[in-house]
Amino acid sequence: MNTRLVNLVIDAARPRVLADFWAALLGWRVAIEEPDEVDVRAPETDGWDLDLVFVPVPEAKVVKNRVHLDLASTTPEHQEELVARALNLGGRRVDIGQGAVPWVVLADPEGNEFCVLEPREQYADTGAVASILVDSRSPAQLADFWSGITGWPVRSRQGEVIVGLRAPSARGPWLEFLRNDDVKQVKNRVHLDVAPPMGADHAAAVSEVLAAGALAADVGAPSLPWRVLTDPEGNEFCVLTPR
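I will try to describe carefully the structure that is included in this document. (Residues numbered from 1 in each chain as written. Predicted model: local features only at pLDDT ≥ 70, side-chain atom pairs only at ≥ 80, totals over all residues. Heavy atoms only, no water.)

Here we come to the sheet that holds strand S7 (residues 104-107). With mixed pairing, the 8 strands of this open sheet are ordered in space as S6-S7-S8-S5-S9-S12-S11-S10. The outermost strands of the open sheet, each flanked by one partner alone, are strand S6 (92-93) and strand S10 (154-158). With 2 bridges connecting them, S6 and S7 associate as antiparallel partners. Looking across to S7, one finds that Arg93 is bridged to Leu106. Contacts from helix H1 (residues 15-26) reach strand S5 (67-71), strand S8 (113-116) and strand S9 (129-136), with the element oriented near 30 degrees to S5. (Pairing = 2+ DSSP bridges. Helix = DSSP H or I, 4+ residues; strand = E, 2+ residues; numbered from the N terminus. Contact = heavy atoms within 4.5 Å. Axes fitted to C-alpha atoms, helices over the stretch in contact; angles between N-to-C directions.)

Within the largest apolar cluster, 53 residues are counted, with the highest numbers of intra-cluster contacts made by Trp22, Leu52, Trp146, Leu175 and Phe237. Ranked by residues supplied to this core, first place goes to H1 with 7 residues. Discounting residues that sit within four places of it in the chain, Trp22 has contacts with Leu52, Phe54, Leu69, Leu71, Asp108 and Phe114. (Core = buried A, V, L, I, M, F, W, Y, C linked by side-chain atoms within 4.5 Å. Buried < 20%, exposed > 50% of the residue type's maximum accessible area, 1.4 Å probe, protein only.)

In a regular helix each residue adds 1.5 Å, so 14 residues correspond to 20 Å; helix H2 (residues 76-89) covers 20 Å between its end C-alpha atoms and thus fits that length. Along H2, the residues that are buried comprise Gln79, Leu82, Val83 and Ala86. The buried residues of H2 occupy one face: seen down the axis, they fall within an arc of 95 degrees. Facing away from the buried side of H2 by over 90 degrees, the exposed positions are Glu80 and Asn88. Those residues of H2 hidden inside the fold are in contact with H1, S6, S7 and S8. Positive phi appears at Gly90, one or two residues downstream of H2, with a value of about 120 degrees. (Expected span 1.5 Å × (residues − 1). Arc of directions from axis to C-beta.)

The 8 strands lie next to each other as S2-S3-S4-S1-S13-S16-S15-S14, forming an open sheet whose pairing is mixed. What marks the edges here is a single partner per strand, and that holds for strand S2 (29-34) and strand S14 (215-216). Two strands pair when backbone bridges link them, and S14 and strand S15 (residues 227-230) are joined in this way by 2 bridges, in the antiparallel orientation. Across the sheet, the residue bridging to Leu215 is Thr230, located in S15. Sitting on the sheet, H1 touches strand S1 (4-12), S2, strand S3 (37-41) and strand S4 (51-56), and the angle it makes with S4 is about 160 degrees.

As structure tokens, this is what we get:
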């Protein structure tokens, strides 16, 4: 497939405020600020090839996100430090029914859930972000779709519960699909962008992605230079112009 992951996009009421929260929490930097987006970028040492892109939307958050970030920690003390930093920056603890677990569930200032994980060997070399986690009714099938359109191979399977992809470089975060039978109710506030390489044919790339199992999404904006699609479980994503 002639596309690759390029962005993780987060809808926001106040993009710059939310970008500042995540930049400070992760130790990254605001790299781009424009009227329609603010981009937060990781240091090269993290091996993260995606920007966190915050875009303005008028809608308020109403349900738990189906896509969220898991943050990595190196020691129990480091996990506590990350939680304290998040709370000091304006985050808060949330209960989504997790019960007694070794990780900590928090929300950013606009209510987007994320987890601060206890130390895990699998995420020892990911940098600040351990994983992009996607709720899924059929993790194996959805992982195969995303593997096909990103070129990230499946590197971990825990039965029917969770399937993980990772970049061919084996650097940066995992992209994981977690079994969850909740029904998708509204447009996702967090989504992925893919794009073909510079010089490629955008229309041909979109056609390839559709042939892989994506569906066209009606977002009421036909003049956009990118195409908005949904994956086989209805999660929105964009095929951006070549870059």
